[in-house]
Amino acid sequence: MHYDLIIKNGTLVTAQETLKGSIAIKNGVIIKTGVLESSDTANEIYDAQDKYVLPGIIDSHVHFRDPGLTDKEDFETGSLAAAMGGITMIADMPNVIPVTSTVEDFNEKVSIAKEKSYIDFALYALLNNDNLSEVKGLKEAGAFGFKVFFGTSTGDIAAPSPPVLKQQLELCAQLDIRTAFHCETNEINQNFTEIAKREAESPDGFWLDYARPIASELMAIKAVINYAKQTNAKVHILHITSGDGCTLTDEAKNHGIDITVETCPHYLLLEQYLQDDNDTQIVHKVYPPLRDETHREGLWAALGEGSVEMIASDHAPHKVSEKSLPLWDAPAGLSGVEVLVPLLLNEVNKGNLTINDFARLCSEAPAKIWSIYPRKGSLNEGTDADITIVDMNIKKTICASDLNSKNKTSPYDGMETQGTPVATIVRGNFVMKDGKLTGKKGFGILVKPENRN
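Residues numbered from 1 in each chain as written. Predicted model: local features only at pLDDT ≥ 70, side-chain atom pairs only at ≥ 80, totals over all residues. Heavy atoms only, no water.

### Focus: the pairing of strand β19 (residues 429-433)
Taken together, the four bridges between strand β18 (residues 416-426) and β19 define a ladder with antiparallel strand orientation. Across the sheet, the residue bridging to Ile-425 is Phe-430, located in β19. With antiparallel pairing between neighbouring strands as the criterion, β18 and β19 make up a hairpin whose turn holds two residues, including Arg-427 at a positive phi of roughly 45 degrees. Sheet topology places β19 next to strand β20 (residues 436-437); two bridges connect them, and they run antiparallel. In the sheet register, Met-432 faces β20, and the bridge partner there is Leu-437. Linking β19 to β20, which pair antiparallel, is a turn of two residues; within it Asp-434 sits at a positive phi near 55 degrees. (Pairing = 2+ DSSP bridges. Helix = DSSP H or I, 4+ residues; strand = E, 2+ residues; numbered from the N terminus.)

### A word on the sheet that holds strand β10 (residues 146-150)
In space, the six strands of this open sheet follow the order β9-β10-β11-β12-β13-β16, with parallel pairing throughout. Only two strands of the sheet have a single neighbouring strand rather than two, namely β9 (125-126) and β16 (310-311). In this sheet, β10 lies alongside β9 in parallel orientation, the contact comprising two bridges. Paired with Ala-125 across the two strands is Phe-146, which belongs to β10.

### Some thoughts on the nonpolar core
Judged by nonpolar contacts, the single largest core of 90 residues is most densely connected at Ile-87, Ile-90, Ile-119, Phe-181 and Phe-358. Looking at this core element by element, the count peaks at eight residues for helix α7 (residues 214-231). If we ignore the near neighbours within four places in the chain, the residues touching Phe-358 are Leu-54, Ile-57, Val-341, Leu-344, Leu-345, Val-348 and Ser-363. (Core = buried A, V, L, I, M, F, W, Y, C linked by side-chain atoms within 4.5 Å. Buried < 20%, exposed > 50% of the residue type's maximum accessible area, 1.4 Å probe, protein only. Contact = heavy atoms within 4.5 Å.)

### Looking at unusual backbone geometry
With omega at 10 degrees, the peptide bond leading from Asp-66 into Pro-67 counts as cis. For Pro-67, the location among the structural elements is in the loop between β6 (57-62) and α1 (75-84). Of note, the amide linkage connecting Tyr-287 to Pro-288 takes the cis form, showing an omega dihedral of -10 degrees. Looking at the secondary structure, you find Pro-288 in the loop between β15 (281-283) and α10 (293-305). A positive phi angle, close to 65 degrees, is found at Asp-50, a residue other than glycine.

### Details of α7
For α7, which comprises 18 residues, the first-to-last C-alpha distance of 26 Å matches the rise-based estimate of 26 Å (1.5 Å per residue) to within 8%. Restricting attention to buried positions, one finds in α7 the residues Ile-214, Ser-216, Glu-217, Leu-218, Ala-220, Ile-221, Val-224, Ile-225, Tyr-227, Ala-228 and Thr-231. The positive-phi residue at the C-terminal boundary of α7 is Asn-232, with phi of around 65 degrees. (Expected span 1.5 Å × (residues − 1).)

### Quick look at the sheet that holds strand β8 (residues 120-123)
Read from one edge of the open sheet, three strands run β6-β7-β8, paired in parallel fashion. With partners counted over all chains shown, the strands left at the sheet margins are β6 and β8, one partner each. Between one strand axis and the next, the sheet turns through 20 degrees on average, direction left out of account. Across four bridges, strand β7 (residues 87-92) lies against β8 in parallel orientation. Across the sheet, the residue bridging to Asp-92 is Leu-123, located in β8. Running at roughly 165 degrees to β8, helix α2 (residues 103-116) makes contact with β7 and β8 of the sheet. (Axes fitted to C-alpha atoms, helices over the stretch in contact; angles between N-to-C directions.)

### Examining the packing of aromatic side chains
Per the counting criterion, the structure on display carries eleven aromatic pairs. Ring geometry for Phe-192 and Tyr-210: centres 5.6 Å apart, planes at 80 degrees, overall edge-to-face. One end of the pair, Phe-192, is in helix α5 (residues 186-199); the other, Tyr-210, is in helix α6 (residues 205-211), with 18 residues separating them in the sequence. On the basis of relative accessibility, which here comes to 28%, the residue Phe-192 falls in the partly exposed class. Between Trp-207 and Tyr-210, the aromatic rings sit 5.3 Å apart at their centres with planes inclined by 65 degrees, giving edge-to-face as the arrangement. (Phe/Tyr/Trp six-rings, centres within 6.5 Å; stacked < 30°, edge-to-face > 60°.)

Structure representation (structure tokens):
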């Protein structure tokens, strides 16, 4: 049989198994996996000898800042960075200008992304105090899920009032659509931030942690669990920072609540502050903040136990001039979409994860959580040919100035990694091959959740 593309001699990786084999693709769909016939031909044959072939990596938590904040990032530069980093699909958050809280604004954002994106994309919609009447229409328009800000971040967006949120989540339960929560508690943050500003002679990562403590996160998680219990809504905890939070979500799961959890590389890998050559503290400001070693260890333990289902980057770039401001003035957010894959492959090489763990955490699980599996997140025959090919032997040093995001900042600048993506394939088309861009902007399409009421 003749195909459009054959990937041969690779090591195929899923969450469950690793095996040698080939993949045959036609019309953007995986037609056959495993052993091909000797008579099979293709327009292009890619030799993946000594490389791992994974279901396309999904980054389901990014902020591409488009529309309204495009001096920080936009769909063109953000999706380019994602593609060069081995990501085949992203899901973008709604704290843009205007916020994505109405069907009209959702459709406008879809149009922007379709024009600019190199890879497939999904879009979250916001739940706020004014859009109860928009929820059903947003779901029908293709919203990936909904987002609630318990605790303010970029945009200072308030959560809906308790009675409105209860009604919204009851409707989300009826519509079978999941809601994601930024879990912090404003009252705690405001109180301790005021104390920290008074007491901190040299503000650093310790004081940011003090200003927005673990208790702020835990109280918000408890609130989410209570809402889910009362409404039967499916909920998702974004960027959890400690094993303590996972203990709460595990208890909720044991009581039958449909709650899923993600974390991010920075909570697993970064210290509260680093030292540069002049011993000056460099704070990597993000909300929730980076925690100390005890909480990092607790998070790794929770990851190993399966309490955390998935990992995402929470790519949230700002201008270089903004990130250079003093601690209390600088905006919160770190760039991460382009380095998500190499950072985690490095952890595979270090023995902290298996390659199957990586496929589960960054491909299969996000696809299942957000109801796009097996179309995305699998190597199943008959599904979209979204594939990430990686070489586990290549060593690189992350260099912020070489990244493709609009603003060249990275908390990982200078970090050495082993393992890198060498090809990004979206619906059977190379967007990145052998480290070079081969795709075109405007190729990406909106991915809508499936298998719903």
